[in-house]
Amino acid sequence: MLIYYLRIIERRFGSRKFLDLVVKCASLTVVLELAAVFWIRRSSQYAIGLSTGPYPLIFPLLVPYYFAVPRLITYPFLGIPLSAKLIVYLLAFQLMALHPNNVVVSLCGIAVALLYRANVLHMQEMMLVPRSLARWFDEPERPQQEGTQPDTPSAAVEVSAENIRLLQDMGFESERAARALRLANNDVQRAAAMLIQENE
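Residues numbered from 1 in each chain as written. Predicted model: local features only at pLDDT ≥ 70, side-chain atom pairs only at ≥ 80, totals over all residues. Heavy atoms only, no water.

Novice: Just checking my understanding: could you explain the overall build of the protein chain for this structure?
Specialist: Check the secondary structure of the protein chain and you find eleven helices and two strands. Its helices and strands in sequence order give the protein chain the pattern α-α-α-α-α-β-β-α-α-α-α-α-α, from N to C terminus. Among the 200 residues that make up the protein chain, the fraction classed as buried is 36%. Long-range contacts, defined here as pairs at least 24 residues apart, represent 68% of the contacts in the protein chain between residues at least 6 apart. (Helix = DSSP H or I, 4+ residues; strand = E, 2+ residues; numbered from the N terminus. Buried < 20%, exposed > 50% of the residue type's maximum accessible area, 1.4 Å probe, protein only. Contact = heavy atoms within 4.5 Å.)

Novice: Is there a simple way to think about the nonpolar core in this case?
Specialist: The nonpolar side chains of a soluble globular protein tend to be buried, and buried together. Core analysis: the largest hydrophobic core is formed by 24 residues, its most contacted members being Leu2, Leu6, Ile9, Phe59 and Leu61. Among the elements of the structure, helix 1 (2-6), helix 2 (8-13), helix 3 (15-43), helix 4 (55-58), helix 5 (62-68), helix 6 (86-97) and helix 7 (100-117) are those that each provide at least two residues to this core. Listed in part, the 15 residues of the second largest apolar core include Ala177, Ala178, Ala191 and Leu195. (Core = buried A, V, L, I, M, F, W, Y, C linked by side-chain atoms within 4.5 Å.)

Novice: Help me understand a nonpolar patch on the surface in this model?
Specialist: A cluster of nonpolar residues, Val30, Leu34 and Leu50, forms a patch on the protein surface that exposes about 240 Å² of accessible area. With respect to the helices and strands, the residue Val30 is situated in helix 3. (Patch = residues over 30% accessible without salt bridge, like charges linked within 9 Å, V, L, I, M, F, W, Y side chains within 5 Å. Areas by Shrake-Rupley, 256 points an atom, 1.4 Å probe, with all protein chains shown as cover. Salt bridge = Lys/Arg side-chain N within 4 Å of Asp/Glu carboxyl O.)

Novice: Just checking my understanding: could you explain the packing of helix 3 against helix 7 for this structure?
Specialist: The geometry of a pair of packed helices is captured by two quantities: the angle between their axes and the separation between those axes. Running from N to C, helix 3 and helix 7 cross one another at 130°; their axes reach a closest spacing of 8 Å. Classed by the angle they form, the pair helix 3 and helix 7 counts as oblique. Pair helix 3 / helix 7 crosses with right-handed handedness. From helix 3, Lys17, Asp20, Leu21, Lys24, Cys25, Leu28, Thr29, Leu32, Glu33, Ala36, Val37 and Ile40 reach across to helix 7, where they touch Asn101, Val104, Val105, Cys108, Gly109, Ala111, Val112, Ala113 and Tyr116. The residue inventory of the contact of helix 3 with helix 7, partitioned by class, reads 14 nonpolar, three polar and four charged. (Axes fitted to C-alpha atoms, helices over the stretch in contact; angles between N-to-C directions. Parallel < 35°, antiparallel > 145°, perpendicular 65-115°, else oblique. Left-handed = near helix turned anticlockwise from the far one by under 90°. Nonpolar A, V, L, I, M, F, W, Y, C, P; charged D, E, K, R; others polar.)

Novice: Any chance you could explain the environment of Pro54 here in plain terms?
Specialist: Note that Pro54 resides in the loop between helix 3 and helix 4. With relative accessibility at 39%, the residue Pro54 sits in the partly exposed group. For Pro54 and Ala26, which are 28 residues apart along the polypeptide, the C-alpha to C-alpha distance reads 9.1 Å.

By themselves, these figures tell us nothing about what the structure is for.
Take a look at the structure:
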């Protein structure tokens, strides 16, 4: 379920940058986890081992999720506005609390993702994933039906100001956001995916 929620990062970053993030952060998380477990075993009496599961893939994604995905909807709870993003953090905390091994890998994953975000050692600039491989993970192009026009903005589609503002919060210009929303029939997620693909 957590992976389902975190898939929005691929739409925000685009397939190539997302795959690059996953490959680098997961690899470095495993290396850092090995070093941390070795150090803990040597310097203390805790019998901590390596975690089992896709945790080196999951925990690093929490950092870009926190910084790149805006708070779209808030729910009041006892007078406190809670974001819909809270469910992701609760699920991640539950995974981390299952076993002490998970605490180590989660902290390692978050630390590596923060280093990636800070572009330490120019991690973001050296793309390891070739563009041809990233295309395999992109949404397949839907075949155009006979007699239909190619995707062009339709003046008939009313674009809501709130959806334009959401896309602006993600860093897109208002004119491009409005055009993408018309093409996507006012669907924010499809419009964001289209704008991201234009930027690649």
